[in-house]
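Topology and contacts: notes
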Amino acid sequence: MDRKRVGELSEGRKMIGIETQGASSKILTLVNQLNVQLEQEPKYQPRISGLKAIESAHENGIRMTVRLREFEVKDLLSLSQFFGFSTDAFVLAVSLLDRFLGLMKVQPKHLCCVGLCCFYLAVKATEEEHSVPLASDLIRISQCRFTVSDMMRMENIILEKLRCRVRGPTVLDFLRLYHKLILNCSSSERKKMLNLERLESQLKACNCRFVFSKTKGSILALSIIALEVQTQKLHELTETIENLQQHSKISDHDLFHWRDRVAECLAEYSSSRCSRPSSKKLMWIVSRRTSGQLHSYHRITPLPTIPETATYTE
Amino acid sequence: MSAAAAVVTAAEKVDGFTRKSVRKAARQKRSQGSSQFRSRSSPVEILLLPPLKDAPNAEQHDLFCQKLQQCCVIFDFMDSVSDLKSKEVKRATLNELVDFLTSNRGVLLEQAYPEIVKMITCNIFRTLPPSDNPDFDPEEDEPSLEAAWPHMQLVYEFFLRFLECPDFQPSIAKRFIDQKFVLQLLELFDSEDPRERDFLKTVLHRIYGKFLGLRAFIRKQINNIFLRFIYETDHFNGVAELLEILGSIINGFALPLKAEHKQFLMKVLIPLHTAKGLALFHAQLAYCVVQFLEKDATLTEPVIRGLLKFWPKTVSQKEVMYLGEVEEILDVIEPSQFKKIQEPLFKQIAKCVSNPHFQVAERALYFWNNEYILSLIEDNSEKILPIMFGSLYRISKEHWNPTIVALVYNVLKTLMEMNGSLFDELTASYKAERQREKKKEQEREELWKNLEELQLQRSQALSGSLQINTHNVENAQSSKSSAK
């Protein structure tokens, strides 16, 4: 090993506080990956000024608002669940959508098309070829009213505006990476309780909320993990979290602030309150035969009631 | 039989085979005649009597009775040329009697009652002839109509006016409209002529309404008719009409409901759902059931369990009807009752939703378009979501019909918004289950592959050792022979 490598090795050790010698090269790889992602991250962030404009917009049918964006993301989540896509597709779709909305003034009537195109781009980037549905199927299932060619045109516009930066480090990538690092660095037996699937669902819930688009993916990912560690009382992992926090250059203020926001969001998500009515009323199309048979019994004009204990008179 | 058949539209050809009626289209239809008519040696003629309105008051009643008696003569309508003049006389007379009764008061003297009832009895009470068409399919075939309808219609009309007359006295009439009368009336409900059944329905409704003393008897007889229909004959043309009358009776039940009525619901109305010809009277039957539940909500659980017990397994059209009825019941259900039946009911609905017959699936999925049902599901989503989830998720991938897939999306989306965290849990466990199953499949395949390889190795080893053995034997033999 040359000196530079040794230096890096010790750097890595110092940063993360490993205890087991043997895992060091693996950890080193992960740390390198983390560094790369942290460096790339700013290029894939939505423009804050654009997001702020959405936040302050009024509901007048012309401007994009927070409510509209949140409904659209919910629709994309439903589609993602329905088609059985991985969390990557959904998270990437939201990232593309937020980035685009941060750059361009989108009219509410085009939001459906923009959202679906972002979704389609994300699916094509993350899913295997045979899982990618036809564009026409997507449009039909989501009950949108534009054509495939509209969608193709919109796709080009999006790619152009985002300068073809489709696949970057997303909040999900950070979440997985942090999770791996914690599992590798900590010697605690209870670290397995930090369940990645659970964290991913929590992340999906957060993605639905516009407020989290304003922060960096790395901060959000670590906040989610920090909250889970707190909830599950895995105190032995706190030191590792702190190390990761330092390495990612996340301030205490940011971490605590966003951890609390995540807590609020998750509390609301698991409450029994339903989020209906949604902005788009679902269309229930049934076949002619079935529609003809609905409520058949209402078509009988009943005979006049005969009281049980009295005679009937006209 | 001629080959020229009626044009059958694609919608009617459900399974690609032509209906019986198409084959029978060429067959000539004969209208049925009255079995009461016996051929007479000499033709009977009736002569037109002077009009009632012109008769002096003192004679009016006698003239009235004379005309009634005249109308007791029955004519043969199968023969379209005989007795034309007399038929016309009878028709005009009947018409006149109807008008007379309607527009005059004080007509119904006590002496008139027996004459009136006799006239009615003569004209309508008859043994219905056996069906012209032994495979009569009420949905497909044209019914055989009553040949004597021109007269019979007026007799029924007269009967109705009689019952509805303001001067009508049930206390006098009950001597003539007795149990025997009612029994014969009920038998007529089996007539194939829908116009006759319609009149009978109204007539019986009025009789039930006005004769308190006959009510228990009528209910009992209807009971018997239905039970015979369900368990013995599977044939009766008047089920729908009788059910309509029952609907108005059920509507008038006093609370608390008598045990007899509850028995009727569970022992007769629920089993009635199993009849082959349910389509003909399902609307009326569903109406009766819902009326019962509106009277006494505690009947909901036994009713739903009864329907689930008889749930159709092979007839999809019936399944669609049952689903329709369930929706009507859910429309009026009380939330506390809903909780009692939600689990078995939604297990059945989950099966319906994944039914390959698209109409069944469609009808079941359409429940989610009903606001009230949605609110019930929402309040109990913890219990219902896990039951529905598996079927919905599976058919979103597997169902052949794109309309169904689109409806499933609507339903899944609604459920997702109802209880997001539960939905996530279910998705995760469903996926985990699928992974486990896939792994098992792979393991099983591996096992078979290994077994095959093992068998191959063994057979090779065996044949190899056989070769060595034979070789040894040959060697031994050759060495023996060479040694010789």
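Residues numbered from 1 in each chain as written. Chains lettered and ligands numbered in written order. Predicted model: local features only at pLDDT ≥ 70, side-chain atom pairs only at ≥ 80, totals over all residues. Heavy atoms only, no water.

The next subject is the overall build of chain B. When helices and strands are tallied, chain B shows 20 helices and zero strands. A separation of at least 24 residues holds for 75% of the contacts in chain B among residues at least 6 apart in sequence. Carbon and sulfur atoms make up 53% of the accessible area of chain B, which amounts to about 24500 Å² in all. (Helix = DSSP H or I, 4+ residues; strand = E, 2+ residues; numbered from the N terminus. Contact = heavy atoms within 4.5 Å. Areas by Shrake-Rupley, 256 points an atom, 1.4 Å probe, with all protein chains shown as cover.)

Once that is clear, we can look at the overall build of chain A. Of the regular secondary structure elements, chain A holds 14 helices and zero strands. When the helices and strands of chain A are placed in sequence order, the string is α-α-α-α-α-α-α-α-α-α-α-α-α-α. Per-residue burial for chain A yields a buried fraction of 49% across its 314 residues. Counting only contacts in chain A whose residues sit at least 6 apart along the sequence, the fraction spanning at least 24 positions is 78%. Within the structure as shown, chain A displays about 16000 Å² of accessible surface, and the carbon and sulfur contribution to it stands at 52%. (Buried < 20%, exposed > 50% of the residue type's maximum accessible area, 1.4 Å probe, protein only.)

With that settled, consider the UniProt feature "domain: Cyclin-like" (unreviewed entry) in chain A. Listed under "domain: Cyclin-like" (unreviewed entry) in the UniProt record, and renumbered for this structure, are residues 74–160 of chain A. Split by type, residues 74–160 of chain A is 76% helix and 0% strand. Its first and last C-alpha atoms lie 25 Å apart. (UniProt positions renumbered as here; feature names shortened; annotations may be inferred.)

Turning next to the state of the cysteines. All names here are of chain A. Applying the stated rule across the entire model yields one disulfide over all chains. Across the disulfide from Cys112 sits Cys144; the S-S distance is 2.5 Å. Its S-S torsion of about -50 degrees marks the bond between Cys112 and Cys144 as left-handed, since a negative value means left-handed. Placement of the pair is Cys112 in helix α6 (residues 108–126) and Cys144 in the loop between α7 (135–141) and α8 (148–161), with a sequence separation of 32 residues. In this structure Cys112 comes out as buried when scored by relative accessible area, which is 17%. (Disulfide = S-S within 2.5 Å.)

All right, on to the packing of helix α12 (residues 282–295) of chain B against helix α14 (residues 316–332) of chain B then. Residue and element names in this part refer to chain B. Where α12 contacts α14, the axes come no closer than 10 Å and their chain directions differ by 25 degrees. For the element pair α12 / α14, the angle class is roughly parallel. For the crossing formed where α12 meets α14, the hand is right-handed. Here His282, Ala286, Val289, Val290, Leu293 and Glu294 of α12 come into contact with α14, specifically with Met321, Glu325, Glu328, Ile329 and Val332. For the contact of α12 with α14, a count of residues per class yields seven nonpolar, one polar and three charged. (Axes fitted to C-alpha atoms, helices over the stretch in contact; angles between N-to-C directions. Parallel < 35°, antiparallel > 145°, perpendicular 65-115°, else oblique. Left-handed = near helix turned anticlockwise from the far one by under 90°. Nonpolar A, V, L, I, M, F, W, Y, C, P; charged D, E, K, R; others polar.)

Turning to the packing of aromatic side chains, a few remarks are in order. This structure, assessed with the given rule, holds 26 aromatic pairs over all chains. Ring geometry for A:Phe82 and B:Tyr409: centres 5.2 Å apart, planes at 80 degrees, overall edge-to-face. One end of the pair, A:Phe82, is in helix α4 (residues 66–83); the other, B:Tyr409, is in helix α19 (residues 402–418), on a second chain. Take A:Phe82 and B:Tyr409: they sit in the same class, and that class is buried. (Phe/Tyr/Trp six-rings, centres within 6.5 Å; stacked < 30°, edge-to-face > 60°.)

So, about the UniProt feature "coiled-coil region" (unreviewed entry) in chain B. The sites that UniProt annotates as "coiled-coil region" (unreviewed entry) are residues 423–457 of chain B. Secondary structure content for residues 423–457 of chain B is 100% helix and 0% strand, and the end C-alpha separation is 51 Å.

A few words on empty space enclosed by the protein. Residues and elements named next belong to chain A. Per the counting criterion, the structure on display carries seven cavities of 30 Å³ or more. Within the residue set of the lining of the largest cavity, elements represented by two or more residues are α5 (87–103), α9 (171–185), α10 (196–207) and α11 (217–231). For the lining of the largest cavity, the leading source of residues is α5, giving five residues. Classifying every residue of the lining of the largest cavity gives ten nonpolar, seven polar and six charged. The residue makeup of the lining of the largest cavity includes at least three contributed by each of domain 1 (43–167 + 282–299) and domain 2 (170–271). (1 Å grid on protein atoms, 1.4 Å probe; cavity = no way out; pocket = protein on both sides within 12 Å on 5 of 7 lines; lining within 4 Å. Points joined across faces, edges and corners; volume = space filled by probe spheres on them. Domains from an automatic or database assignment.)

Accessible area lost when the parts come together is the quantity often used to give the size of an interface. With 67 residues of chain B in contact, the opposing surface of chain A contributes 52 residues. Interface of chain B and chain A: buried area, both sides summed, is about 5200 Å²; carbon and sulfur atoms make up 55% of it. Our count for the contact surface shared by chain B and chain A stands at two salt bridges. Ionic pairing is found between B:Lys258 and A:Glu308, a salt bridge with its closest N-O pair at 3.0 Å. In terms of residue count, the dominant contributor to the side of chain B that touches chain A is α19(B) (15 residues). Looking at the side of chain B that touches chain A, its residues break down into 31 nonpolar, 17 polar and 19 charged. (Buried area = accessible area lost by both parts, 1.4 Å probe. Salt bridge = Lys/Arg side-chain N within 4 Å of Asp/Glu carboxyl O.)

Take the side chain of B:Glu146 next. All names here are of chain B. Along the chain, Glu146 falls in the loop between α4 (112–124) and α5 (149–164). Look at Glu146 and you get buried, because its relative accessible area is 3%. Separated by 3.2 Å, the side chain of Glu146 and the backbone nitrogen of Ala148 make a polar contact. (Polar contact = N/O pair within 3.5 Å; in protein donor to acceptor, adjacent residues only side chain to side chain.)

Residue and element names in this part refer to chain A. Within the element layout of this structure, Leu68 appears in helix α4. Leu68 gets classed as buried once you look at its relative accessible area, which sits at 17%. Leu68 sits 75 residues away from Gln143 along the chain, and the two C-alpha atoms are 17 Å apart. Residues within four places of Leu68 in sequence aside, it is in contact with Arg63, Pro108 and Leu111.

Right, let's talk about the nonpolar core for a bit. Ranked by internal contacts, the top residues of the largest apolar core, which has 230 residues, are B:Phe159, B:Ile207, B:Phe226 and B:Trp368. Built from parts of two domains, this core gets at least three residues from each of domain 1 (43–167 + 282–299) and domain 2 (170–271) of chain A. Setting aside residues no more than four positions away along its own chain, B:Phe159 makes contact with B:Ile120, B:Ile124, B:Ile177, B:Phe181, B:Leu185, B:Val203 and B:Ile207. (Core = buried A, V, L, I, M, F, W, Y, C linked by side-chain atoms within 4.5 Å.)

Here we take up helix α13 (residues 300–309) of chain B. Among all positions of α13(B), only B:Thr300, B:Val303, B:Ile304, B:Gly306, B:Leu307 and B:Leu308 are buried. Each element contacted by the buried residues of α13(B) is listed here: α11 (259–272), α12, α14 and α15 (335–353) of chain B.

Inspection of the secondary structure assignment puts B:Ser86 in helix α3 (residues 84–103). Apart from residues lying up to four places away in sequence, B:Ser86 is in contact with B:Val44, B:Glu45, B:Ile46 and B:Phe75.

Here the second largest pocket is characterised by a volume of approximately 1400 Å³. Contributing to the lining of the second largest pocket are 45 residues, with A:Gln81, A:Lys204, B:Thr427, B:Ala428 and B:Lys431 lying nearest its centre. The biggest single contributor to the lining of the second largest pocket is helix α20 (residues 420–483) of chain B, with eleven residues.

Take α14(B) next. A rise of 1.5 Å per residue sets the reference length of α14(B), with its 17 residues, at 24 Å; its end C-alpha atoms lie 25 Å apart and thus fit the reference within 8%. Extensive coverage of α14(B) is indicated by the burial of 14 of its 17 residues. (Expected span 1.5 Å × (residues − 1).)

This paragraph deals with the pattern of salt bridges. Residues and elements named next belong to chain B. This structure, assessed with the given rule, holds 37 salt bridges over all chains. Of the charged contacts, one joins Arg126 and Glu196 as a salt bridge, the two residues approaching to 2.9 Å between their closest N and O atoms. Of this pair, Arg126 sits in the loop between α4 and α5 while Glu196 sits in helix α8 (residues 194–210); the two residues are 70 residues apart in sequence, bridging distant segments of the chain. Residue classification places Glu196 among the buried positions, given a relative accessible area of 0%. Ionic pairing is found between Glu441 and Arg444, a salt bridge with its closest N-O pair at 3.2 Å. Here the residue Glu441 and the residue Arg444 both occupy positions in helix α20, the gap between them amounting to three residues, near one helical turn. According to the relative accessible area criterion, Glu441 is partly exposed, its value standing at 41%.

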